[in-house]
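Tertiary structure, described
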Amino acid sequence: MIRDDEVIHAVSVIAAKRDAHELSDAQISWVIDAYTRGEVAAEQMSSLLMAIVLRGMGRREIASWTRAMIDSGRRVDLSGLRRDGRPLVTVDKHSTGGVGDKITLPLTPLVASFGVAVPQLSGRGLGHTGGTLDKLEAIPGWRSDLSGDEMVAQLEGVGAVVCAAGADLAPADRMLYALRDVTGTVESIPLIASSIMSKKIAEGTGALVLDVKFGAGAFLPDVEDARSLAETMVELGTDAGVRTSALLTDMNTPLGRAVGNAVEVAESLKVLDGGGPADVVELTLALAREMLDAAGLSAADPAEHLANGRAMDSWRAMIAAQGGDPDGSLPIARHQEVVTAPAEGVIVSMDARAVGDAAWRLGAGRSRPGESVQAEAGVIIHAKPGDRVRTGDALFTLHTQTPERVAGARSALVDAVVVGTDREVTPGPRVLDRVTA
């Protein structure tokens, strides 16, 4: 920790963390602000980020780092939201990303159908994990870029909004993430947690539910790393006055049977219509219950609104409010090819990462920010762990607009599925645990 009379500069901050000292609030505030203004050079911030990766951060440091990133931009105030003269409770959900993770699509209108305001500021996919905005942009006319006034009006009128975060929300985080991506400093729980929570706290929600994934298709494969991240983010939210909880969820196997963009929208519509894959419904309802409890509606049963059509009504209103046609046809890939089972037996496992990579290679994802994606691209899964297959049965159907991409997708799936002949397999639940303050 620095002395009150010590002058702060970049080298002293780097050296302090290099030598495993705690950074003071003043040091953290200064270095984030100075980097955002261009006073601290990229190579100096890179050095500090690596020191943080190697030395870690304590709870106070992480909270201070998060607060400094929030202070670099605008903090949204949603406390004045009203409907029929009554204040609206705001609850948001954030997922750490996975393969086939379309939960935001049915979850947002489902929770909003109970009179809760859900301000879902979402992002785009990169690599094997899909992006919510990429999926929704498969809907004809739908737009993600809303002004602050448009977002507030939609929350008050419809209750649900999924849109892009404004550039003025935690701009320091955007700069730092781009630097971490090219300096090998992404994999740090303090930096991951502060990156996520700076944006979520800045968006002004009153409560937040986190879906922290572990497994082959998750950002953090190890369950204990995922638990540590969940605990850190719950602490950050709580310290900032946002009611925060987290669910630890399994991402070893793709979620649902559709991975991509338009294909995931189609599957989400099945859930909103009272059907859909059991694991998608399971996780949607688990997160909805958590969000409704945070909003003071612990007695509400979200399954009822999937069955009676109220969630679908909320979806249609949300899509229409953002220029989309809820009755419009989703785009379909011109080229489709089937991948078949190599042997007879029971599917023992399915590597979520491999399936995500296949969808990415088909054009559903991007290699770097700013690349375009194909709305039509993706993978349909015909059999999952626990299902019995015969040699030649369809395992996957590959969807793409560019047939030359199929070979790469097929190579990604070569070892994705393990078929066994001597045992039954019962898939476990998607939700492993709940983390609270």
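Predicted, not measured: the structure shown is a model, and the values here were computed from it. Numbers given for residues are sequential positions, taken from 1 along each chain in its written order. Where local features are concerned, this predicted model is filtered to residues with pLDDT of at least 70; where side-chain atom pairs are given and counted, the filter is 80 or more; whole-chain, interface and lining totals use all residues. As a rule here, side-chain values cover all heavy atoms of the structure and leave hydrogens and water aside.

Structural notes on empty space enclosed by the protein
A 1.4 Å probe that fits into a set of points on a 1 Å grid over the protein atoms alone but cannot get out defines a cavity; an open set with protein on both sides within 12 Å along at least five of seven lines defines a pocket, and lining residues are those with an atom within 4 Å of a point. Grid points are joined across faces, edges and corners, and a volume is the space filled by probe spheres set on the points. Evaluation of the coordinates by the stated rule reveals 2 cavities of 30 Å³ or more. When its volume is computed, the second largest cavity comes out at roughly 40 Å³. Per the convention used, a helix needs a DSSP run of H or I reaching at least four residues, while a strand needs a run of E reaching at least two, with both numbered from the N terminus. Secondary-structure elements contributing two or more residues to the lining of the second largest cavity are α4 (59-71), α8 (171-181) and α9 (189-202).

Quick word on the sheet that holds strand β14 (residues 417-420)
Backbone-to-backbone hydrogen bonds pair the strands of a sheet. The strands run either parallel or antiparallel. Strand order across the open sheet formed by 3 strands is β12-β10-β14, with antiparallel pairing between neighbours. Of all the strands in the sheet, the pair left with one neighbour each is β12 (388-389) and β14. In this scheme, strands are said to pair when DSSP sees at least two bridges between them. With 4 bridges joining them, strand β10 (residues 345-350) and β14 adopt antiparallel strand pairing. What sits directly across from Val346, in β14, is Gly420.

Thoughts on the nonpolar core
Put simply, a nonpolar core is a bunch of buried Ala, Val, Leu, Ile, Met, Phe, Trp, Tyr and Cys residues held in one set by side-chain atoms that sit within 4.5 Å of each other. Burial classes: relative accessible area under 20% of the type maximum marks a residue as buried, over 50% as exposed, and values in between as partly exposed (1.4 Å probe, protein chains only). Of all hydrophobic cores here, the largest spans 69 residues; its most connected members are Trp315, Val355, Val379, Phe396 and Leu398. When residues of this core are assigned to their parent elements, the largest contribution, 10 residues, is made by helix α12 (residues 278-294). No fewer than three residues from each of domain 2 (82-328) and domain 3 (335-420) sit in this core. For Val355, the residues in contact, after removing those within four places along its chain, are Val99, Pro254, Val259, Met350, Val379, Ile381, Phe396 and Leu413. If you look at the next biggest cluster of nonpolar residues, it comprises 60 residues, including Ile28, Met45, Leu121 and Ile201. Note that domain bounds follow an automatic or database assignment of domains. We call two residues in contact when some of their heavy atoms are within 4.5 Å.

Here's the deal with the domain arrangement of the protein
Each domain of the protein was delimited in the assignment, giving domain 1 (10-55), domain 2 (82-328) and domain 3 (335-420). Taken over C-alpha atoms, the centre of domain 2 sits 25 Å from the centre of domain 3. Contacts between the two partners involve 24 residues from domain 2, matched on the other side by 29 residues from domain 3. Note on domain 2 versus domain 3: buried area summed over both sides is about 1,800 Å², and carbon and sulfur give 56% of it. Salt bridges, as used here, are contacts in which a Lys or Arg side-chain nitrogen is within 4 Å of a carboxyl oxygen on Asp or Glu. Counting across the interface, domain 2 meets domain 3 through 3 salt bridges. The partner of Arg257 in a salt bridge is Asp387, with the nearest N and O atoms 3.2 Å apart. A 3.5 Å cut-off defines polar contacts: any pair of N or O atoms within that distance qualifies, except that in protein one atom must be a possible hydrogen donor and the other a possible acceptor, and neighbouring residues in sequence count only when both atoms are side-chain atoms. Seen at the junction of domain 2 and domain 3, the total is 12 residue pairs in polar contact (both at pLDDT 80 or more). As a working definition, buried area equals the accessible area (1.4 Å probe) given up by two parts on being put together, with both sides summed.

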